[in-house]
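# A closer look at the structure
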Number of protein chains: 2
Amino acid sequence: MSERTPTLEDVARAAGVSRATVSRVVNGIRNVDPQIQERVRAAVAATGYSPNRAARSLATRRANSVALVVSGPGEDACTSRVFADPFFGRIAGGIVLSLRREGIHPVLMLADTDEARDDVLTGLRRGDADGALLVSTHVHDPLPAMLAGAGVPAVLFSRPVRPVEISYVEVDNHAGAALAADHLLARGRERLATITGPAGVPVSQDRLTGFREALARHGLHRVPVAEGDFTQDGGEAAMLALLAEHPGLDGVFAANDLMAQGAIAVLRDHGRAVPDDVAVIGFDDGAPAQSSRPRLTTIRQPVEDMAAEMATLLLTRLAAPATPPTSVIFAPTLIPRAST
Amino acid sequence: MSERTPTLEDVARAAGVSRATVSRVVNGIRNVDPQIQERVRAAVAATGYSPNRAARSLATRRANSVALVVSGPGEDACTSRVFADPFFGRIAGGIVLSLRREGIHPVLMLADTDEARDDVLTGLRRGDADGALLVSTHVHDPLPAMLAGAGVPAVLFSRPVRPVEISYVEVDNHAGAALAADHLLARGRERLATITGPAGVPVSQDRLTGFREALARHGLHRVPVAEGDFTQDGGEAAMLALLAEHPGLDGVFAANDLMAQGAIAVLRDHGRAVPDDVAVIGFDDGAPAQSSRPRLTTIRQPVEDMAAEMATLLLTRLAAPATPPTSVIFAPTLIPRAST
DNA sequence: ATGAAAGCGCTAACAC
DNA sequence: GTGTTAGCGCTTTCAT
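Residues numbered from 1 in each chain as written. Chains lettered and ligands numbered in written order. Predicted model: local features only at pLDDT ≥ 70, side-chain atom pairs only at ≥ 80, totals over all residues. Heavy atoms only, no water.

## Looking at the protein's contact with DNA strand D
Defined as follows: Proximity is defined per residue: any heavy atom of the residue falling within 4 Å of a molecule or strand makes that residue near it. Any pair of N or O atoms that falls within 3.5 Å is considered a polar contact. Within protein, one atom must be able to donate a hydrogen and the other to accept it, and sequence-neighbouring residues count only if both atoms are side-chain atoms. Three classes are used, and their members are as follows: Ala, Val, Leu, Ile, Met, Phe, Trp, Tyr, Cys and Pro are nonpolar, Asp, Glu, Lys and Arg are charged, and the others, Gly among them, are polar.
Close to DNA strand D lie 27 residues, the nearest being L8 and Y49 of chain A together with T21, R24 and D33 of chain B. At the protein interface, 62% of the atoms of DNA strand D within 4 Å belong to sugar or phosphate. Here a phosphate oxygen of DNA strand D and a side-chain polar atom of S23 of chain A are 2.7 Å apart. Between DNA strand D and the protein, one listed contact pairs a phosphate oxygen with a side-chain N or O atom of N27 of chain A at 3.1 Å. Across the surface near DNA strand D, the residue classes break down as 12 nonpolar, 8 polar and 7 charged.

Here's what the structure looks like:
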């Protein structure tokens, strides 16, 4: 009838052994007589024992948890919108699923201001979590460097803008863009243009150069470029600019799906049928691509797999702290749909 | 040069007082001489002290953290998609922001299978987290009842299907639907129809009866109804059915934005201009509503505020465990855009 | 192979 | 007001 949750002590008493022995069994340490092991296991079941995290953490000096930190721009309105980005959702899902196999749950942190970043860093150094999985939407995010500097084990989604000694996962953006170029060309499109992400972001640059180089291999040089910002509105504006300069274009590669959607909307407004008059291809293959009209041909990033790999990389690093930073690059795939 | 993080003991020594006094100052407990308080504060700053969570939890028997549990259907593919739902993202954002003021970060848990639910419950009972914020996408989710039964403090987003003694926040769905009805009528639409969410879900039912009753007040009875499932595809199918039966309709209320988008796509495919021929209004006001073409008129749920309230309710309950379950209902607002 | 005992860093009675 | 002291529940040498 006691409300107290059972402790090691209780199990030990029930099994007629010492706390140390129970601890060994619970933690799967060898050198315990099989007979005793059995007795202890029975006692654990009988008492309904389950180890206390806090006590364990205190003794081992490990939190046994990792932080999932979202480092946004901090423009207030955007702050909570970061989470609403389906892209983040896919990452979170992949991470949760992967971490769960190890029985650990991520702690959600938001690093959207300098103060918040300091708090996150302080917490991590103090050991609130053993390491961090970082999703940065901020171009010049100082957090990766801060974490690396503080020696906090961390893994990024996407290569940092400035080289930092830190692990990360990334899709091969260059190859993905080439896939898009080849696909448009294979569809017989020749007057191509592209809508890029914000300049200065590695992802944008890689997709642009990948696209350009693939076209160059086919003798196409000087492709029209308009800069977007990865939002639908940005895509619309860029498409307008492109159309004004090159009314005869017949194929567009947008550096992400949202901008592709914006481009399609503008094209339709200007009487261009997609894909009959103009073919459009995006990048990501998130929910927007699958529900847009027409369904969007796109370059798929295996986001969930990448997120799972982030978790794996971090856990590996935690298990063997000497492991040097590692990066894993994933292959993109072409998903042909109705927009090309 | 020591790598050890400073402890209370270190601060106490530096300030020339006892651990207890430092603890009091750190925890803002009165009855400490202002002079000494000052000395302690200085020592804290000098040593760079920051309290150890595990030790504190062990001593207070409180984890000082809350769980954010997502209880999905467990159909594997859907599992990680739960997170990709922008709706969940908005909730998560609101919760993180609200919790942060208290210096606490939510622990993300996924309860998508019976086993996972048991694990979550076990962890919560053991005190891994002091309480739970539950977002359930599962219609007949057993978790709310499990939590209530185990006496775990919890707050739900949305009223549970079966009445359970548990706190929750909810938008006034009935009133929201009435807003939609009144708006369509005010726009001069008279041949109305509605696309509902899955039958059996309180949200669906409330929105349907709210819509019906508002129309009835204006003398309109027997409005055509088609059941959807809150997805865009479901909305498309429902719209097709509606159009087949009632080709002359001039206004549609979809129980959420995604279905409204599906409806718009189908209407366009069938040569109906929106809003000229048919006005469409949705519910939620998430990202889809703001980026669809035409921009979607919708009923806004203040999701972020609701999420923040969830956190507040839980923290209140944790501070005063005797507090009975409370529910807070939020007012929806009409957001007129281009689709009506 | 097992047990005894010393902490891990903090809080909370209780004494003064 | 402040200090002393006894744990919180677990891991981990160190003996045996």
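That was the structure; now back to the text.
## Some points on the pairing of strand β1 (residues 66-71) of chain B
Residues and elements named next belong to chain B. Rules: Accessible area is worked out with a 1.4 Å probe on protein chains only. A residue is then buried under 20% of its type maximum, exposed over 50%, and partly exposed in between. Note on conventions: DSSP H or I runs of at least 4 residues are helices, E runs of at least 2 residues are strands, and numbering of each starts at the N terminus. When DSSP finds at least two bridges between two strands, those strands are taken to pair.
The buried count for β1 comes to 6 of 6 residues, which makes it a mostly enclosed element. Of the strand pairs in this sheet, β1 and strand β3 (residues 131-136) are connected by 6 bridges, and their pairing is parallel. Across the sheet, residue V69 finds its bridge partner in β3, namely L134. Sheet topology note: the β1/strand β2 (residues 107-110) ladder contains 4 bridges and is parallel. Bridged to L68 within β2 is L108.

## Observations regarding the sheet that holds strand β8 (residues 251-254) of chain A
Residues and elements named next belong to chain A. Basically, it comes down to this: For helices, the fitted line uses only the C-alpha atoms of the stretch in contact; every axis is such a line through C-alpha atoms, and the angle between N-to-C directions lies from 0 to 180 degrees.
Judged by pairing direction, the sheet is mixed, and its 6 strands sit side by side in the order β7-β6-β8-β9-β10-β12 without closing on themselves. At either end of the open sheet lies a strand with only one pairing partner, and these are β7 (225-227) and β12 (333-335). On average, each strand axis in the sheet is inclined to that of its neighbour by 20°, with strand direction left out of account. In this sheet, strand β9 (residues 279-284) lies alongside β8 in parallel orientation, the contact comprising 3 bridges. In the sheet register, V252 faces β9, and the bridge partner there is V280.

## Here's the deal with the interface of chain B and chain A
Note the following rule: Any two residues having at least one pair of non-hydrogen atoms within 4.5 Å are treated as being in contact. Reported buried area values correspond to the accessible surface (1.4 Å probe) lost by two parts on association, with both partners' losses combined. For this document, the term salt bridge refers to a Lys or Arg side-chain nitrogen within 4 Å of an Asp or Glu carboxyl oxygen.
Contact residues are listed per partner, giving 43 residues for chain B and 43 residues for chain A. Between chain B and chain A, a total of about 3,600 Å² is buried, with carbon and sulfur atoms accounting for 59% of that surface. Among the residues chain B hides against chain A, the three largest losses belong to L108, R126 and R293 of chain B. Together they make up 16% of the total. The interface formed by chain B and chain A contains 10 salt bridges. The salt bridge involving R295 of chain B is made with D233 of chain A; its shortest N-O contact spans 3.9 Å. For the pair chain B and chain A, the number of links is 14 residue pairs in polar contact (both at pLDDT 80 or more). Looking at the side of chain B that touches chain A, the elements that each hand over two or more residues are α4 (53-60), α5 (77-84), α6 (86-100), β2, α7 (114-126), α11 (232-245) and α12 (257-269) of chain B. Residue contributions to the side of chain B that touches chain A peak at 8 residues, all from α6 of chain B. Residue classes in the side of chain B that touches chain A are distributed as 17 nonpolar, 12 polar and 14 charged.

## A short note on the relation of the copies chain B and chain A
The test is simple: The superposition of copies rests on a least-squares fit of C-alpha positions from residues with pLDDT of 70 or more in both.
Expressed as a screw operation, the relation of chain B to chain A combines 0.0 Å of axial shift with a rotation of 180°, fitting to an RMSD of 0.2 Å. Expressed as a symmetry operation, the mapping of one chain copy onto the other fits a two-fold axis. In this assembly the copies share their binding face: 100% of the residues contributing to the interface of chain B also contribute to that of chain A.

## Some remarks on the sheet that holds strand β6 (residues 192-196) of chain B
All names here are of chain B. Across the sheet, 6 strands lie side by side as β7-β6-β8-β9-β10-β12; this open sheet has mixed pairing. Either end of the sheet is taken by a strand with one partner, and the two such strands are β7 (225-227) and β12 (333-335). In this sheet, adjacent strand axes meet at a mean angle of 20° when their direction is disregarded. Two strands pair when backbone bridges link them, and β6 and β7 are joined in this way by 3 bridges, in the parallel orientation. Paired with I195 across the strands is A226, a residue of β7.

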